[in-house]
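Chains, contacts and geometry: an overview
What follows is the residue order along each chain.
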Amino acid sequence: MSIENNIKFYTEKIRSYGAQLIAVSKTKPNEDLLQAYAVGQRDFGENKVQDMTAKWETLPKDIRWHMIGHLQRNKVKYIAPYVHLIHGVDSERLLVEINKQAEKNERVIPCLLQVFIAQEETKFGFSEEELMAFLNSEEFESLKNIKIIGLMGMASNTENMARVKAEFEGLKSLFDKIKADIKAENIAMKELSMGMTNDYIEACEAGSTMVRIGSAIFGERNY
Ligand SMILES: *Cc1c(COP(=O)(O)O)cnc(C)c1O
C-alpha cells in the first residue's frame, strides 16, 4: 500500500463514522507528508515542537498543524504563531502559558484538554475531578486567548479491546457532561480526539471526532 492509498482508505473509513483523520507524520520526512498532501490531506499531527516548526517552515502554508505530543511550557512560544490545534493540554500551568503566548501573537489558540483515561502510569492528563474543578474556576474564565474546543485521551495499551472501548466511552461521557454543564466564553465543546492505529475503530464507535493515525499510513517509525 502507498501513502496515497492509505490516506484515501483511512479518510473514507473514518469519515463513515463522522470523524476526521489527523495524519500523524512524526519522524517522517517532508516527502512522505507531500504524498499525503497530494491526495488532499491537510491536517497533520506532530509531537515535537522543533520538528513541527521545521515542517511548517518548508511545507505548504495551507497545512493545519496539530500538536499531539506532551508540550513543554518553554516551547509554546515557537508554535504559538501558527499551530492549528493543541491536543494534549494536561495542566493549568501549560494552559496559562499558551494563553500568554497567544496574546503576544494577537490570536486565540484552540486547545483540547487531555484527560487521563488509561490504567497506566505513563500517560499524561487531568483526572476528571481536577478537570471539573479547573473548568469551574475563575482562573480558567480569565484566559481569553485560548479556546477549549474539546477533549483528548489515550486508552490503555492493551489487547483487551473491551477495556479500551470502555475507556473511550468514559471520555465521551465526560465530554457530554462538560458540554452540558460548563458555560464560559472560552469553551465550546465540539471535538473529541481519540483513537490511533490500533484502536481507532473502538474510538470511532465511542464517538471520536478526530482520529490520530500514524503508522498505518506512513509505516513503522524508526526512532
Ligand atoms: C504517535 C501518536 C499517534 C499515532 O500513533 P500510531 O499508533 O502510529 O497510529 C497518535 N497520538 C499520539 C498522541 C501519538 O503520540
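Up top is the structure.
The notes below deal with the structure included here. Per chain, residues are indexed from 1 in the order of the written sequence. Confidence filtering applies because this is a predicted model: local features only for residues at pLDDT of at least 70, side-chain atom pairs given and counted only at 80 or more, and all residues used for totals across whole chains, interfaces and linings. To get the side-chain values, all heavy atoms of the structure are used, and hydrogens and water are removed first.

**Topic: the site of the ligand**
Each residue is tested against the molecule or strand, and it is near if at least one of its non-hydrogen atoms lies within 4 Å. Taken together, Val24, Lys26, Ile68, Met152, Met154, Met196, Thr197, Arg212, Ile213, Gly214, Ser215 and Arg221 make up all the residues around the ligand. For this analysis, a polar contact is any N or O atom pair within 3.5 Å, provided that within protein one partner can donate a hydrogen and the other can accept it, and provided that sequence-adjacent residues contribute only side-chain to side-chain pairs. Measuring from an oxygen atom of the ligand, one finds a side-chain N or O atom of lysine 26 at 2.7 Å. Side-chain polar atom of arginine 212 to a nitrogen atom of the ligand: 2.9 Å apart, as the coordinates give it. Using a 1.4 Å probe, the Shrake-Rupley method yields the accessible areas, and only the shown protein chains count as cover for residues. Relative to its unbound accessible area of 380 Å², the ligand is 90% covered by the protein chains.

**Some points on the nonpolar core**
Ile86, Leu95, Ile98, Leu151 and Ile178 are the most contacted members of the largest nonpolar core, which totals 65 residues. Ignoring any residue separated from it by four or fewer positions in sequence, one finds leucine 95 in contact with Val89, Cys111, Leu113, Phe134, Phe140, Leu143, Ile146 and Ile148. Joining through side-chain atoms within 4.5 Å is the link that ties buried Ala, Val, Leu, Ile, Met, Phe, Trp, Tyr and Cys residues into a set, and such a set is a nonpolar core. When a residue's accessible area, from a 1.4 Å probe over protein chains only, is under 20% of the maximum for its type it is buried; when over 50% it is exposed; and in between it is partly exposed. Of all hydrophobic cores here, the second largest spans six residues; its members include Ile22, Leu85, Ile149 and Met152. Should any heavy atoms of two residues lie within 4.5 Å, those residues are counted as being in contact.

**A short note on the pattern of salt bridges**
The salt bridge criterion pairs a side-chain nitrogen of Lys or Arg with a carboxyl oxygen of Asp or Glu, the two atoms within 4 Å. One pass over the structure, following the stated rule, counts ten salt bridges. Of the charged contacts, one joins arginine 15 and glutamate 12 as a salt bridge, the two residues approaching to 3.2 Å between their closest N and O atoms. One end of the pair is arginine 15 and the other is glutamate 12, both in helix α1 (residues 3-15) and three residues apart, which spans about a single turn. Looking at arginine 15, the relative accessible area reads 51%, which means it is exposed. Starting at the N terminus, helices and strands are each numbered in turn, a helix being any DSSP run of H or I of at least four residues and a strand any DSSP run of E of at least two.

**Some points on the packing of α1 against helix α2 (residues 30-38)**
To obtain an axis, a line is fitted to C-alpha atoms, over the contacting stretch when the element is a helix, and the angle between two such axes runs from 0 to 180 degrees between their N-to-C directions. For the pair α1 and α2, the least separation of the axes is 8 Å and the interaxial angle reads 50°. Taken as axis vectors, α1 and α2 run oblique relative to one another. Here the hand of the crossing between α1 and α2 comes out right-handed. Residues Ile3, Glu4 and Ile7 of α1 touch α2, and the partners they reach there are Asp32, Gln35 and Ala36. Side-chain classes follow a simple rule in which Ala, Val, Leu, Ile, Met, Phe, Trp, Tyr, Cys and Pro form the nonpolar group, Asp, Glu, Lys and Arg form the charged group, and the remainder, Gly included, forms the polar group. Within the contact of α1 with α2, the residues separate by chemical class into three nonpolar, one polar and two charged. Roughly parallel covers angles under 35 degrees, roughly antiparallel covers those over 145, roughly perpendicular covers 65 to 115, and oblique covers all other angles. Here is the rule for handedness: rotate from the far helix to the near one, and if that takes an anticlockwise turn smaller than a right angle the crossing is left-handed, while a clockwise turn gives right-handed.

**Details of unusual backbone geometry**
Keep in mind that most residues, glycine aside, have a negative phi and that most peptide bonds are trans. Of note, threonine 27 is a non-glycine position whose phi angle comes to about 70°, a positive value. When you line up the elements, threonine 27 lands in the loop between β1 (20-24) and α2. Look at glutamate 106: it is not a glycine, yet its phi comes out positive at around 50°. Note that glutamate 106 resides in the loop between α5 (92-104) and β5 (109-116).

**Regarding the pairing of β5**
The buried fraction of β5 is high, at six of eight residues. DSSP bridges decide pairing: two strands pair if at least two such bridges lie between them. Pairing analysis gives two bridges linking strand β4 (residues 85-89) to β5, with the strands arranged parallel. Looking at β5, one finds that valine 89 is bridged to leucine 113. Each parallel crossover has a hand, and the one from β4 via α5 to β5 is right-handed. By the criterion used throughout, a crossover qualifies as right-handed when its path from the first strand across the helix to the second strand runs clockwise, the strands pointing away from the viewer.

**Some remarks on the pairing of strand β3 (residues 64-67)**
Bridge count between strand β2 (residues 43-46) and β3: four bridges; the pairing is parallel. Looking at β3, one finds that glutamate 46 is bridged to methionine 67. After leaving β2, the chain enters helix α3 (residues 49-58) and then returns to the sheet as β3, a path that is right-handed. Direction of pairing for β3 relative to β4: parallel, over a ladder of two bridges. Pairing of methionine 67 across the sheet is with isoleucine 86, part of β4.

**A word on a negative patch on the surface**
On the surface, Glu92, Glu129, Glu130 and Glu139 cluster together into a negatively charged patch. Within the secondary structure, glutamate 139 sits in helix α7 (residues 138-141). In this structure glutamate 139 comes out as partly exposed when scored by relative accessible area, which is 37%. Each patch is built from salt-bridge-free residues with over 30% relative accessible area, joining like charges within 9 Å and nonpolar side chains (Val, Leu, Ile, Met, Phe, Trp, Tyr) within 5 Å. In this tally, Lys and Arg are treated as positive and Asp and Glu as negative; His is ignored, and so are the chain termini. Every charge is mapped to an atom, namely NZ of Lys, CZ of Arg, CG of Asp or CD of Glu.

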